[in-house]
Amino acid sequence: MRGRWTPSPELERAAEYLAARLGRAGLKPAGDSASFLQRLPLDMIQILPDSFAVWLTGHRPLRLVQRVDYMASFNTWSNWNASGQAVVVHGPLGAPAAFDTVSLAGRVLLLPGGWGNHYRRIANWKPAAIVWLDDVPAPPPGASLRGLPRPTRRAVGDTMPVVLVAYAALAPLLLEAKLDTARLRRPPDSVLRATPLGDAVMHVRGRVQHLPHIDPANVIAILEGSDPVLRNEYVVYTAHYDHLGVGPPVNGDSIRNGADDNASGTAALLAVAEAFARDDRRPRRSIIFVFVAAEEFLGLGASYFLDHPPVARSGMVANINADMLGRNWTDTVVVVGLRDSDMGLHVDRVLADHPALGLTATDSSTRPNEAPNLEGWSDHSAFIGKGMPFLYFYSGMHSDYHRVTDSAEKIDFEKLSRISRLMHRVGYAIANADDRPKWNPASYRRLVELR
Ligand SMILES: [Zn+2]
């Protein structure tokens, strides 16, 4: 399916395939006009790479090189032209700030590892621009700087410049400011701090071109609950079925298959939906299954679903998201949010009652080589944004992530089937419980109120 780019004929075929399977399973369509497809009108932009420039002035002036030192491939609708004193904001983003956040207005904020689930909080500080500090992958040889047209949503209204800058590009400045890269990546303390990058002022400039609109589809089905009252409440399962399409060739291969990201989660969700449909013992609450488009563009499909829900949003009690389930450890599944609500107790109970699943759940903080800020990592982030408790099933990072080498023969299908069973039983338990899930108050404060 040529990497299921949003938009593409192959993404359409994948949507039709999912809709046909859900129809055969006997599930109720919950898209537009009694179909399974919910069209999402998206705007399209083309970033004009030659127009982009990122540079620093001050006693150590620096001009950054695109695709080596920085990337400007984020969603934007407007042209950028911003400057401000460079300030590194470091520590856990959900933590109380050790400084007056008013002082950040008009600055260019450098965030190690990105904004996680806290984009709103950071945007409210009114910075001039946001810089996501990370490792910028070197472009494949011969790659064009000209990015593909990409979807965005004008309605999102975010016009703030957002660029990804490599730690390495700023190494001398970070050193001078006594900021250690390893400590920035994994902050040891529990307070948020702000450190100016000396006297450096950062400048960001770039232009985008607007293209005709597109309308890819989320694929949505509902299973009605059995209880006359509780059936008006919904557990919402999500998995994105889009991926990154075709890119510059690497060793003769140009298709980013997205087998793990996220054919694995899509297959799991389809299996879960079919298992619910086959079972005569309906849970008391209803279930919504959402196969999401345009996740790879900052979760556009999930946020559209939540802004245009097929049922009242107040009735949605929880989100269970699946994204990348097929790699790494045979005995462990990462469940982000495990201790952020009482839903983790259902996970504990299912695992204790079903040792044959052969899985231990971790909330990821105990595993090495994990990306930080997993709460903001996938479609569950949009649900957290609406205050909904969540569980995000995940099987860890690998070196094939977003590359042409994320291919099907590397998937551990046996483990994928066990995680699917776990997700089914956990969702069943949540949908059947007397009470709707409750946030752990400290997590609610960190992830929702301080978002
Ligand atoms: Zn993904």
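Caption draft 1: Representation of the overall build of the chain in the model. Summing up its helical and strand segments, the chain has 10 helices and 20 strands in all. Over its C-alpha atoms the chain spans a radius of gyration of 22 Å, differing by no more than 12% from the 22 Å that the globule rule assigns to 451 residues. For the chain, the proportion of its 451 residues judged to be buried stands at 47%.

Caption draft 2: Up close: the packing of helix 5 (residues 259–278) against helix 9 (residues 413–432). Interhelical geometry of helix 5 versus helix 9 gives an angle of 50° and a closest axis separation of 9 Å. Relative to helix 9, the element helix 5 lies oblique. The two elements helix 5 and helix 9 cross, and the hand of that crossing is right-handed. Contact with helix 5, carried on its side by Ser264, Ala267, Ala268, Ala271, Val272 and Ala275, involves Leu416, Ile419, Ser420, Met423, His424 and Gly427 of helix 9 and no other residues of that element. Of the residues assigned to the contact of helix 5 with helix 9, the class counts are eight nonpolar, four polar and no charged.

Caption draft 3: Representation of the packing of helix 7 (residues 343–353) against helix 9. For the pair helix 7 and helix 9, the least separation of the axes is 9 Å and the interaxial angle reads 125°. It follows from the interaxial angle that helix 7 and helix 9 lie oblique. As helix 7 packs across helix 9, the resulting crossing turns out to be right-handed. Contacts between helix 7 and helix 9 involve Met343, His346, Val347, Arg349 and Val350 from the former and Leu422, Arg425, Val426, Ala429 and Ile430 from the latter. Along the lines of polarity and charge, the residues of the contact of helix 7 with helix 9 split into seven nonpolar, one polar and two charged.

Caption draft 4: The arrangement of the pairing of strand 11 (residues 193–214) in detail. Note that strand 3 (residues 42–57) and strand 11 share 11 bridges and pair antiparallel. Looking at the pairing, Leu42 lines up with Ile214 of strand 11. In this sheet, strand 11 lies alongside strand 6 (residues 80–90) in antiparallel orientation, the contact comprising 10 bridges. Among the inter-strand pairings, His90 is bridged to a residue of strand 11, identified as Arg193.

Caption draft 5: Quick peek at the pairing of strand 20 (residues 390–394). Along strand 20, five of the five residues are buried, which leaves the element largely enclosed by surrounding structure. Covered by surrounding structure in strand 20 are Phe390, Tyr392 and Tyr394 together with Leu391 and Phe393, the residues of both alternating faces. Bridge analysis of strand 17 (residues 316–322) against strand 20 gives four bridges, and the strand direction is parallel. Paired with Ala322 across the bridge in strand 20 is Phe393.

Caption draft 6: Structural view of the domain arrangement of the chain. Its domain assignment divides the chain into domain 1 (9–41 + 215–449) and domain 2 (45–210). Measuring from the centre of the C-alpha atoms in domain 1 to the corresponding centre in domain 2 gives 30 Å.

Caption draft 7: How the structure looks around unusual backbone geometry. For the bond from Thr6 to Pro7, the omega torsion is 0°, close enough to zero to count as cis. Checked against the element boundaries, Pro7 lands in the segment before helix 1 (9–24). A cis amide bond links Asp261 with the next residue in sequence, Asn262, at an omega value of 0°. Among the structural elements, Asn262 can be located in helix 5. In the Ramachandran plot, Arg67 falls in the positive-phi region, its phi being about 70° despite a non-glycine side chain. Residue placement: Arg67 occurs in the loop between strand 4 (62–63) and strand 5 (70–71). Judged by the 18 C-beta atoms lying within 10 Å of it, Arg67 falls in the partly exposed class. The backbone of Met324 sits at a positive phi, close to 70°, despite the residue not being glycine. Its place among the elements puts Met324 in the loop between strand 17 and strand 18 (332–336). Classification of Met324 by C-beta neighbours within 10 Å gives buried; the count is 26.

Caption draft 8: Highlighting helix 9. With 20 residues, helix 9 extends 28 Å from end C-alpha to end C-alpha; this agrees with the ideal 28 Å at 1.5 Å per step. Most of helix 9 is tucked away: 14 of the 20 residues are buried.

Caption draft 9: Representation of the environment of Met160 in the model. Checked against the element boundaries, Met160 lands in the loop between strand 9 (150–152) and strand 10 (162–166). Judged by the 20 C-beta atoms lying within 10 Å of it, Met160 falls in the buried class. A sequence separation of 290 residues divides Met160 from Leu450, and the C-alpha atoms of the two residues are 20 Å apart. Setting aside anything within four residues of it in sequence, one finds Met160 in contact with Ala123, Ala129 and Ile130.

Caption draft 10: Fine view of the environment of Ala277. When you line up the elements, Ala277 lands in helix 5. Spatially, the C-alpha atoms of Ala277 and Leu223 are 7.1 Å apart, while their sequence positions differ by 54 residues. Each residue touching Ala277, except ones within four places of it in the same chain, is listed here: Ala25, Gly26, Leu27 and Leu223.

Caption draft 11: Structural view of the nonpolar core. Residues Val235, Ala268, Leu269 and Phe393 are the most contacted members of the largest nonpolar core, which totals 86 residues. No other element matches helix 5, which puts nine residues into this core. Those residues in contact with Phe393, other than ones at most four positions away along the chain, are Asn321, Ala322, Leu325, Val333, Val335, Ile419 and Met423. Among the nonpolar cores identified, the runner-up in size contains 43 residues, and Trp115, Val131, Leu197 and Val204 belong to it.

Rules and cut-offs
- Residues numbered from 1 in each chain as written.
- Predicted model: local features only at pLDDT ≥ 70, side-chain atom pairs only at ≥ 80, totals over all residues.
- Helix = DSSP H or I, 4+ residues; strand = E, 2+ residues; numbered from the N terminus.
- Rg over C-alpha atoms; globule rule 2.2 N^0.38 Å.
- Buried ≥ 20, exposed ≤ 12 C-beta atoms within 10 Å, placed from the backbone.
- Axes fitted to C-alpha atoms, helices over the stretch in contact; angles between N-to-C directions.
- Parallel < 35°, antiparallel > 145°, perpendicular 65-115°, else oblique.
- Left-handed = near helix turned anticlockwise from the far one by under 90°.
- Contact = placed C-beta atoms within 7 Å.
- Nonpolar A, V, L, I, M, F, W, Y, C, P; charged D, E, K, R; others polar.
- Pairing = 2+ DSSP bridges.
- Domains from an automatic or database assignment.
- Expected span 1.5 Å × (residues − 1).
- Core = buried A, V, L, I, M, F, W, Y, C linked by C-beta atoms within 7 Å.

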